[in-house]
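# Architecture and fold: a report
In case you want the letters, here they are:
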Amino acid sequence: DAMTGAVVDSLGDFRRYFRAKARLLGHAEGLPWWDLFAPVGGDSAVAWSDATRLVLAAFETFSPRLRDLAERAVAERWIDAEIRDGKRGGAYCAGVGEGVSRIMMNFDGSSDAVSTLAHELGHAYNNVALADRTPLQQRTPMALAETASIFCETLLFEHALAAATDSQSRLALLDTHLVGSSQVVV
């Protein structure tokens, strides 16, 4: 009931965001569904090394353990991020035992891909936290499973927004964050 109430309470904020995005994209009658993911602002390409540095720095603001896990995942090559022929889209993180995970994603250098990296590393952190539990206890409902990952996205977003120096970069970050949030909440 509390979660449903929070969602209902936030819908007005999402409506305002969708109306503002519609105006930015030149739509007078509201945001058509096909433009929900249309980018606004100045989203510049990010190299993989810069993306991992940004995620590590954001995670450090919360916890050295979280940062260390992400650093380990990168160093031990848990993350299959390369885009290649035959590889499916989407992203996921799978625990493979003893606090080790494997992440599949397609890193294209966008701010959304950097956010996906943080999100999937949040799942990996959750896998570490549950590593000592029985297999039955490691299974969590979707709302709980997404908590650590969305928290990690939020850490990254707040860190990147604080470092953004121009309005177009800030707008691109806000749009990426709000599109992702609308997919979870709305």
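Scroll up for the structure.
About the cut-offs
Residues numbered from 1 in each chain as written. Predicted model: local features only at pLDDT ≥ 70, side-chain atom pairs only at ≥ 80, totals over all residues. Heavy atoms only, no water. Helix = DSSP H or I, 4+ residues; strand = E, 2+ residues; numbered from the N terminus. Buried < 20%, exposed > 50% of the residue type's maximum accessible area, 1.4 Å probe, protein only. Contact = heavy atoms within 4.5 Å. Areas by Shrake-Rupley, 256 points an atom, 1.4 Å probe, with all protein chains shown as cover. Lys, Arg positive; Asp, Glu negative; His and termini not counted. Charge placed at Lys NZ, Arg CZ, Asp CG, Glu CD. Axes fitted to C-alpha atoms, helices over the stretch in contact; angles between N-to-C directions. Parallel < 35°, antiparallel > 145°, perpendicular 65-115°, else oblique. Nonpolar A, V, L, I, M, F, W, Y, C, P; charged D, E, K, R; others polar. Core = buried A, V, L, I, M, F, W, Y, C linked by side-chain atoms within 4.5 Å. Phe/Tyr/Trp six-rings, centres within 6.5 Å; stacked < 30°, edge-to-face > 60°. 1 Å grid on protein atoms, 1.4 Å probe; cavity = no way out; pocket = protein on both sides within 12 Å on 5 of 7 lines; lining within 4 Å. Points joined across faces, edges and corners; volume = space filled by probe spheres on them.

### Details of the overall build of the protein
- Of regular secondary structure, the protein possesses seven helices and three strands.
- Beginning at the N terminus, the succession of helices and strands in the protein can be written as α-α-α-β-β-β-α-α-α-α.
- Every one of the 186 residues in the protein was classed for burial, and the buried ones make up 37%.
- Long-range pairs, those at least 24 residues apart, make up 60% of the contacts in the protein with a sequence separation of at least 6.
- Carbon and sulfur atoms form 55% of the exposed surface of the protein, whose accessible area is close to 11,300 Å².
- Within the protein, one finds 17 positive and 24 negative side-chain charges whose respective centroids are separated by 2 Å.

### Some points on the side chain of Ser149
- Mapped onto the elements, Ser149 comes out in helix 6 (residues 142-163).
- On the basis of relative accessible area, Ser149 is assigned to the buried category, the value being 0%.
- Sequence-distant contacts of Ser149, defined by excluding residues within four places in its chain, comprise Ala118, His119, Gly122 and His123.

### Section: the packing of helix 2 (residues 48-60) against helix 6
- Orientation of helix 2 relative to helix 6, taken along the N-to-C sense of each, is 100°, at an axis distance of 9 Å. The angle between helix 2 and helix 6 falls in the class roughly perpendicular. Residue-level contacts link Leu54, Val55, Ala57, Ala58 and Phe59 of helix 2 to Cys152, Leu155, Leu156 and His159 of helix 6.
- A class-by-class count of the residues in the contact of helix 2 with helix 6 yields eight nonpolar, one polar and no charged.

### Side note on the environment of Glu29
- One can find Glu29 in the loop between helix 1 (2-24) and helix 2.
- Accessibility expressed as a relative area gives 77% for Glu29, which makes it exposed.
- For the pair Glu29 and Arg19, spaced 10 residues apart in sequence, the C-alpha to C-alpha distance is 8.7 Å.

### Focus on the nonpolar core
- Ranked by size, the top nonpolar core spans 26 residues in total, and within it Val55, Phe59, Ile79 and Leu121 carry the most contacts.
- When residues of this core are traced back to their parent elements, those giving at least two are helix 2, helix 3 (64-75), strand 3 (100-104), helix 4 (111-129) and helix 6.
- For this core, the element with the most residues is helix 4, which contributes six residues.

### Regarding the packing of aromatic side chains
- Scanning the model with the defined rule gives four aromatic pairs in all.
- For the pair Tyr17 and Phe18, a centre-to-centre distance of 5.2 Å together with 45° between the ring planes defines the contact as tilted.
- A ring pair is formed by Trp48 and Phe107, whose centres lie 5.1 Å apart and whose planes are at 80°; its orientation type is edge-to-face. Note that Trp48 is positioned in helix 2 and Phe107 in the loop between strand 3 and helix 4, a separation of 59 residues in sequence.

### Focus on the layout of surface pockets
- Here the largest pocket defines a volume of roughly 1,000 Å³.
- Contributing elements (two or more residues each) for the lining of the largest pocket: helix 2, helix 4, helix 6 and helix 7 (167-185).
- Broken down by element, the lining of the largest pocket gets its largest block of residues, nine residues, from helix 7.
- Residue composition of the lining of the largest pocket, by class: 18 nonpolar, 14 polar and seven charged.
- Taken as a whole, the second largest pocket holds about 410 Å³ of empty space.
- Lining of the second largest pocket is provided by 20 residues; of these, Gly95, Asn126, Asn127, Leu130 and Gln138 occupy positions nearest its centre.
- Listed by contribution, the elements that provide at least two residues to the lining of the second largest pocket are strand 2 (92-97), helix 4, helix 5 (135-138) and helix 6.

Any link to function would need more than the numbers given here.
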